[in-house]
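# Observations on the three-dimensional arrangement
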Amino acid sequence: MKKLILIIGVIIMCTGCWNYKELTELGIVTAMAISKKDNKYVIDMQFVNIVEAGDKGVPESPISVMSGEGDTIADAIRSINMKMSKVFFSSNMEYMIIDKSVADESLEEVMDFLARDTKLSLNFLIVTSTNEDPKNVLAALSQFNLNPASNVSELVRRSEGRYGASTSITFKEFLAKYLANGITPVIPNVKLVGEVLEAEDNETLKESNSNNYVEVDNLVAFDEKGEAIILGTDESFGYNFLNNHIQNGAVTSACGENYFTVQTLKSKIGFGELKGNKLSVDGEVQAEVFFYGCENDLNNEKTLDKLSKITKKTITEYIEKTINLAKEKKVDFVGIGNYLYKNENDYFDFDKKDWNTDGLSNIELDYNIEVTLLKQGNLKGDI
Amino acid sequence: MYKITEIANIKNMNTKDILNELIDLKNKMPDLIIKDIKPGLFKHVYIITNEAVSSGDKVNDFILKHFSGLSIVGSNPLKNFKRDVERNIPSINFKNVDTRESLLEFLFSGFTIVIYKNEVIAYETRAELDRGVTEPTGEPVIRGPKDSFTENYNKNIGLIRKRIKSEHLCLEELTIGTQSKSKVGIMYMENICEDAIVDKLKAMLEKINIDGVMDVNNFKSFINKENHTLFPTLLYTEKPDDTCRFLLDGRIAVTMENSPSVLIAPTFFVDFFHSSEDYYHKPFFSSFLRLIRFVAYFLAIITPALFIAIITYDQEILPVSLLINFTVQRSQVPFPAIVEAFVLMFTFELLYEGDARTPSIRGTSLSILGALILGDAAVQAGIISPIMVIVIAVSAISSLVFIYYDIQGSIRFWRYLLMILAALFGMVGFMCGFILLILNLCTIKTFGKPYLLPLAPFLIKDQSNALVRRDLTKINKRPSYLAKKNIIKEVNIK
Amino acid sequence: MNRYKISSLTFSLIFMCMLNSSLLGIIFPYILHESKTSFYLSLGISFIIGLFLIFIYLKIFNFLPDKDIFEKIQAIFPKWLSKIISLILMILVFFVTVIIIWRLVTFISSEFLVETPNIFIGLLIAAPLFYAMLYDFDVIGRLATFCLVVAFLLLMFNVISLFSQVDISNLKPLLNFDFNHTSKSVIVFSFVVLVPAFLTLIIPKDNIVDAHKVAKSVLIAYTLEIFSIGLIAFIIVSVLGIDIANIYTFPSYVVLKTLSVLSFIQNTENISILVWVLLMTFSGSFCLLFMKAGLKDLFNLDKKKTQIFSILFIFLPFLGVVLYMLPYEIYLNKYKYVSVPLILNISIFGMFVLIYLIGIIVNKFKKIA
């Protein structure tokens, strides 16, 4: 029996190890883009260049970008394979650019491709770039991080909580929203500032005042035909308030000719009860005065009341604008339909009817948002 | 040396014949001393001794002084001498010698032979040939008693009896070895120990049929043979306080003459992670040390395998920055990771073995060589990557924390097996190897009891002194799987 | 004949391990597919039905306490009939084992070793099975203790690190109750989960040191197991959402892909999921031991011969069937992966009940006679 085990062991040893991959064989993919050109899929991949940062200071370009083209996604990947001596390793991908050209029916194929791959994680971000060729975004370098992909993903993640006009969405969330009833995913839009540079060029890294970098823009949702619905700053704010993505967002409102800014400390807004056709939007926002440019004395209680009322109006306007945009474009990126599906199951038959065309426009909204100003910063009143 | 020509009664022999034979023998044996003392006219007392095995002081003090200093009056100096010894010096033995054979045996085991006419007496003047009680070398201690067993059988038993002054501490003696005829003692507490285990052990020892045993470690091959495993099932210790602790648990200690260590049976997996020092520290600290030892044991086995599985199969576990870092390091190494790991591991084994066998004077040069050549030069030369050095070092250091040397064998075997499986099948291979390891542990039985006691089968009552140690006042029961009588210790400290 | 002795704690641990045998590849995908977000309802109903099944199990367990299930058959039926019944039982268990291991191997080949030929994965899994088969039930009882400790640690690690991602709104709509779907999932759940654990009937009651505690400890083990299944299902649905959970073959694996500890340890799914490999290997080896004990009772073999016989009669065809079935994953993927084990488990359960009922009747007749 021992001999038998030995023989089997030797056979296994001699026939080799199939999934064995040395680290040096891997081409580490940090970001990817899928787009369509002339009915052909184009896939761009950003690879990390394995070069040792020697004592010469800045190394050669830390990344390289490869593109492939084909009738299907698999063909496109195969065509990159022809150009590369390494095995794709995409488990640690930071983000993925889904171009608007694949946002129509071909989105299903893209989702299938991404979800089927066992090695792919579910945590990478999904972004889009409406104005730019995705390849140029992938090729842009960053001064802050030698790995530009992690720079972009950090950028998107940070901008959500701090600024409030953007949001991050991971592939898991995107897929969930894509599959769920009555909701369409919203993706952050990135754009390239400055002239287009080749990835091999590392001029960016040598200058302190670079004019070539990636910036997070507003949010974008796609309708069924792949048309981009661009959410402006106000709508983006409204979307983020509704989804409670905002941690420390700044809300600026006017008081007469001047204006003041409050910073939110805690924001909790969501849908409430459904009465007939009327869905309430309830919420509570706690904020502190961040900047005060108005004339009234801040020490007065009434002034604070007034300020919170104005802020309430501003936030309500943001949300109203967002929902109106959704109704106008007939794309429910806010998730009203999903909320109704989950909580008021009898209201609409999601299996038989199309929510975007039949249900969304009929729903009326009722806003009850309360704003309380808790702090006023360092100062007692105003200067 | 000397030949036994015939077996004859000395009384039937002329003493001259014996003396002539001994004088002949002296030509070939210069350490033989033959003295002729004349206490009176025509009286010859011959004193014969071997200065290598007998103590010169004793011979001088008790024998030569007697015959030369005291004027021996009377016709029978030997009889007077005997009487004097009996009356005044109780610590000296004397024996009447009947045969030529026993004369030689006494002579070479350190006795002094006194011959007067046809009467022969042997006086014990044995020299202390073994070393005294020293500090344990194999199991160094920081806190606690620092004596250790020696090669002297009686001294060893004395060291144990000194600690347990109980009438229940039994000692049974056997003789093992057809040629060496070594004395073996089985010690146990008859009021605690399970009798069946004593009988089983005795039967196992009695069955041994071999020409010579040099050390208790020889018994390894004869006890618990049915287990196919590299895990140690018997514990060897050179510390008397450890031995007494085990005896009080209800275990059996086997001692042997000329063996500086004592064999403890039955012992279980957790016992190899305990040390007598655990009981001299505070419970929290000693529990921490025990957990460290358990973690170290598994780290020593799994670290290289886990690392190989991660960098060759499941790279996605590494964050990107680390991945790039490792890739840069590995890109200069021409070998596959598994070969690299084996090369480094093999070099470490060489160093380890070399260090263990090198006298401490030459040890420093070895460590400089190892640290410089392996740590730095090999990395510089691009033969191995720095990260692999770290991984192997973690594994190697973890394997060094154990007190009992026997556990190293199991670490080596499973470490290499897991490394091969990890290189073939990645994480799944590693897991399968790990299941095999655990299964192997589960199959072992020592004296009919599962080796993993009290962890599996899980005994809640015995957990106070297994993976961790609770306060001594809380451990008021002996291990339920060992002690069958007097289970409750009488430590009611209030 | 059976000289080993185990405690009731070890027995209940074996029972608990066997409950895990088909969770990963069969129960989770099916129950989430059928009952969607009202999975907890079917879980609750199956829990109650399961209690009833365990009641029957304990009845059989207490019947003829000095004999294991094969000896019970021999005591009840005439000799030729008992051999046939034992053989049928063994064949059924054989296929249950094949399905468990087949599910494990397909899991490994689809998620871990994608390029490795299935035959080698089969051989790799066979090594621990083969090793465990050489020993008796007390050895596997100790293995169960270890398996559950590791399973518990990994489960706690996973649950705690996934807890930040739990989104309660994913559990809604709370009640999409549908009698057809719920009853299906209840039946599948109660039988496919519980019946493999009934194979512990191979351990006679008299071999347990503290046999009076068995009923209590088995019930505790069952309750804990259902609780942890509920916890895992809750985590899957609330983290992934029911839509994603339904498109994947192994949702309990995919949910671990979202895991991130301290925001820098990511993608540790391949380590965390090893707990299923462990538990399924355990179940496989227990089933094999069941058949080995059957062979021993059936042909009255001594120890050495049992080893050789069991290896020849069970292990080799078992391996063959596993390796042969591997390429057919696609055909069995959608529904057969549930219906085949369901039929097998129900028939095993039916056989147990029949043996018990006939046994009672025979005993009464004997008393009258």
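Residues numbered from 1 in each chain as written. Chains lettered and ligands numbered in written order. Predicted model: local features only at pLDDT ≥ 70, side-chain atom pairs only at ≥ 80, totals over all residues. Heavy atoms only, no water.

## Examining helix α6 (residues 195-207) of chain B
Residues and elements named next belong to chain B. Where we set the bar: For helices the rule is a DSSP run of H or I covering at least 4 residues; for strands it is a run of E covering at least 2, with both sets numbered from the N terminus onward. Here the expected span of a helix is defined as 1.5 Å times the quantity of residues minus one. Buried, partly exposed and exposed residues are distinguished by accessible area as a fraction of the type maximum, computed with a 1.4 Å probe on protein chains only: under 20%, between the cut-offs, and over 50%, respectively. Note that the arc is defined by the directions from the helix axis to the C-beta atoms. The contact definition used throughout considers only heavy atoms, calling two residues in contact when any of these lie within 4.5 Å.
The end-to-end C-alpha distance of α6 is 18 Å, a good match for the 18 Å that 13 residues give at a rise of 1.5 Å each. When α6 is considered as a whole, its buried residues turn out to be I197, V198, L201, K202, M204 and L205. For α6, the angular spread of the buried residues around the axis is 160°, confining them to a single face. Facing away from the buried surface of α6 by more than 90 degrees, the exposed residues are E206 and K207. Buried residues along α6 sit in contact with β6 (169-176), β7 (182-189), β9 (252-256), β10 (262-265) and β12 (449-450).

## Considering the confidence of the model for chain B
Test applied: Residue-level confidence of the predictor is what pLDDT reports, using numbers from 0 through 100.
Overall, the predicted model of chain B reaches an average pLDDT of 82, with 91% of residues at or above 70. Of the regions scoring below 50 in pLDDT, residues 1-10 of chain B engages in 24 contacts with residues more than four places distant in sequence or in other chains.

## Some points on the state of the cysteines
The condition is simple: Note on disulfides: each one is a pair of cysteine sulfur atoms within 2.5 Å.
In total, this model carries zero disulfides over all chains according to the counting rule given. The closest cysteine sulfur to the non-disulfide-bonded B:C193 is located on B:C170, 9.4 Å from its own sulfur. Under the relative-accessibility criterion, B:C193 is labelled buried at 1%. Sulfur of C:C287: no disulfide; nearest cysteine sulfur belongs to C:C17 and is 12 Å away. On the accessibility criterion, C:C287 (0% relative accessible area) is buried.

## Notes on the interface of chain A and chain C
It is common to give the size of an interface as the accessible area that goes away when the parts come together. Inclusion rule: The term buried area means the drop in 1.4 Å probe accessible area that two parts suffer when joined, counted for both and summed. Salt bridges are defined as contacts in which a side-chain nitrogen from Lys or Arg sits within 4 Å of a carboxyl oxygen from Asp or Glu. N or O atoms within 3.5 Å of each other form a polar contact, as long as, within protein, one can give a hydrogen and the other can take it, and as long as residues adjacent in sequence are counted only when both atoms are side-chain atoms.
Contact residues are listed per partner, giving 28 residues for chain A and 30 residues for chain C. Roughly 2400 Å² of surface becomes buried between chain A and chain C when both sides are summed, with 56% attributable to carbon and sulfur atoms. In this assembly, chain A and chain C are joined by one salt bridge. A salt bridge links C:E115 to A:K21; its shortest N-O distance comes to 3.3 Å. Where chain A meets chain C, there are eight residue pairs in polar contact (both at pLDDT 80 or more).

## A look at the interface of chain C and chain B
Every contact between the two is made by 31 residues of chain C and, on the other side, 27 residues of chain B. Here chain C and chain B share an interface that buries about 2700 Å² over both sides, 79% of which is from carbon and sulfur atoms. For the chain C face of the interface with chain B, the top three residues by lost area are C:L124, C:Y131 and C:R142, together amounting to 25%. A salt bridge links B:K445 to C:D138; its shortest N-O distance comes to 3.4 Å. Applying the counting criterion to the chain C and chain B interface returns five residue pairs in polar contact (both at pLDDT 80 or more). Those elements that provide at least two residues to the side of chain C that touches chain B are α1 (8-19), α6 (118-133), α7 (137-162), α12 (269-272) and α13 (274-299) of chain C. Among the elements that line the side of chain C that touches chain B, the one with the most residues is α6(C), at seven residues.

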